[in-house]
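Chain and residue survey
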Amino acid sequence: MKTGFDAKRIFHNFTGLGNYSRTLVHHLVDLYPGESWHLFTPSVSDHPRAVPFLSDRRLSVHLPEKGKWLWRSWRMKDALQKNQIDIYHGLSHEIPFGMGKNPGFKTVVTIHDLIFKIFPEQYRLPDRLIYDQKFSYSCRHADRIIATSEQTKDDIIRFYQIPPEKISVIYQSCDPMFYTQRDSSETTRILGKYGFPAEYILYVGSVIPRKNLLTLVMALGRIKENHRIPLVVIGKGGKYKQQILRYIHQHGLEKWVILANDIFYPDLPVIYQAASVFVFPSIYEGFGIPVIEALAGRVPVITSDRASLPEAAGPDSICLDPMDVDLLAFHIRKVLEDRQLSNQMREKGVRYASRFHFSTVTPQVMELYRELYSGKTL
């Protein structure tokens, strides 16, 4: 079976969608080395996290023969047919246009979220129109859809009227390095490298309104200083980040909030594992991979009770109204002070996170490919 992937984000995106693409392809190749794996991308890069996909002899990389403009959306089909691909997987919301009724291969598309439909005000109109065109086409014309959560499956059905049986919920995995516990000497070294304190609350994610970091900063300010520990924020932002910085200054929280942008990716598991609690008060997520990364590292998690986050966090995390500042402050303090509760959340959380391990998730994707390859229809 020859399987092709939309690999643009493997080589050019180093956050959520890129991480999903690299993690899935890497583990498919490792677990099923006897298959034929092909990456289709308009261009490649020399980023350290992309280079292994160029040097891996088990992978064939395909570039446009001429002109990369619109190749991924319109002309890639010719390359797929020329290379006799059996299964094509659009890893990030889209498959090529103009597929026709029988292009000669089966198609799968992963839909991570439909946030642009839920919060249209957070996107420019041209972007919304383009996303809607691509997403709706992919959902209608792909042979199967992978949704990364039950919430995303419900959204696909709601907005695009897709039959439920066409959609498989297969959760996203995170990099295995987040499951590996680090020793105290490495922790001391990495915390010292970034100037982080020995105890801290952790937030990881983009600093945008939907992620709702301001509520967390406000909750921190509601905790009395003798019960408070610093908040470490890892994530980039623009106008909303400036709003948060103004709030920090106005309320004298400068020494309590540490904003860190440039974190070496392999250091991130240690930063998770050293945290006293991970807090992610997002209003809406298609899945919420930072929650999984925290659980895998045995970190207590406090997150939102909305959208897919309870799915990601599990029954032993604390899921609450993300807009309730006092409630958030209460639970942060409780987790920090109740050692028995904290330890219980750590141990039960890491067991829950095992359902998202690549050894569980990757075979589910391979089974879907094989069903399509064998000609099984809905």
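Relevant structure appears above.
Parameters and conventions
Residues numbered from 1 in each chain as written. Predicted model: local features only at pLDDT ≥ 70, side-chain atom pairs only at ≥ 80, totals over all residues. Heavy atoms only, no water. Pairing = 2+ DSSP bridges. Helix = DSSP H or I, 4+ residues; strand = E, 2+ residues; numbered from the N terminus. Axes fitted to C-alpha atoms, helices over the stretch in contact; angles between N-to-C directions. Contact = heavy atoms within 4.5 Å. Core = buried A, V, L, I, M, F, W, Y, C linked by side-chain atoms within 4.5 Å. Buried < 20%, exposed > 50% of the residue type's maximum accessible area, 1.4 Å probe, protein only. Parallel < 35°, antiparallel > 145°, perpendicular 65-115°, else oblique. Nonpolar A, V, L, I, M, F, W, Y, C, P; charged D, E, K, R; others polar. Arc of directions from axis to C-beta.

In this section: the sheet that holds strand β10 (residues 257–260). Pairing is parallel across the open sheet formed by six strands, whose spatial order is β10-β9-β8-β11-β12-β13. The outermost strands of the open sheet, each flanked by one partner alone, are β10 and β13 (318–320). When the angles between neighbouring strand axes are averaged without regard to direction, this sheet yields 20°. Taken together, the four bridges between strand β8 (residues 201–204) and strand β9 (residues 231–234) define a ladder with parallel strand orientation. Within β9, the residue paired with Val-204 across the bridge is Ile-234. Contacting β8, β11 (277–280), β12 (301–304) and β13, helix α14 (residues 325–337) runs over the sheet at an angle of about 170° to β13.

Within the largest apolar cluster, 71 residues are counted, with the highest numbers of intra-cluster contacts made by Leu-202, Leu-213, Leu-231 and Phe-278. Once you skip the residues sitting within four places of it in the chain, Leu-213 turns out to touch Tyr-203, Val-207, Leu-231, Val-233, Tyr-240 and Ile-244.

So, on to the packing of helix α9 (residues 213–222) against helix α10 (residues 239–250). At a minimum axis distance of 10 Å, the contact between α9 and α10 shows a crossing angle of 10°. Judged by the inter-axis angle, α9 sits roughly parallel to α10. Contacts between α9 and α10 pair Leu-213, Leu-214, Val-217 and Met-218 from the former with Tyr-240, Gln-243, Ile-244, Tyr-247 and Ile-248 from the latter. Class assignment for the residues of the contact of α9 with α10 results in eight nonpolar, one polar and no charged.

So, about the pairing of strand β1 (residues 2–6). The buried fraction of β1 amounts to four of the five residues, a majority that puts the element mostly inside the structure. Where β1 lies against strand β2 (residues 36–40), five bridges are found, and the strand directions are parallel. By the bridge assignment, Gly-4 is partnered in β2 with His-38. Across three bridges, β1 lies against strand β4 (residues 87–90) in parallel orientation. If you follow Thr-3 over to β4, its bridge partner there is Ile-87.

Our focus in this paragraph is the side chain of Thr-3. Looking at the secondary structure, you find Thr-3 in strand β1. Look at Thr-3 and you get buried, because its relative accessible area is 0%.

Picture the strands of a sheet paired through backbone hydrogen bonds; they go either parallel or antiparallel. In spatial order, the strands read β3-β2-β1-β4-β5-β6-β7; together these seven strands make up an open sheet with parallel pairing. Each end of this open sheet is capped by a strand with a single partner; those strands are β3 (59–62) and β7 (167–169). Neighbour-to-neighbour, the strand axes of this sheet turn through a mean angle of 25°, independent of strand direction. Where strand β6 (residues 144–147) and β7 come together, three bridges link them in parallel fashion. If you follow Ile-146 over to β7, its bridge partner there is Ser-168. Helix α2 (residues 16–31) rests against β1, β2, β3, β4, β5 (106–111) and β6 of the sheet, and its axis sits at about 160° to β2. Those strands touched by helix α4 (residues 71–82) are β1, β2, β3 and β4, and its axis lies near 145° from that of β2.

Now for helix α7 (residues 150–160). Looking at α7, one finds that the buried residues are Thr-152, Lys-153, Asp-155, Ile-156 and Tyr-160. Viewed along the axis of α7, the buried residues span an arc of 160°, placing them on a single side of the element. Packed against the buried residues of α7 are β5, α5 (115–118), α6 (125–141), β6 and β7. After α7 finishes, the residue Gln-161 shows a positive phi value of roughly 55°.

In short, the description is geometric, and any link to function would need to be established separately.
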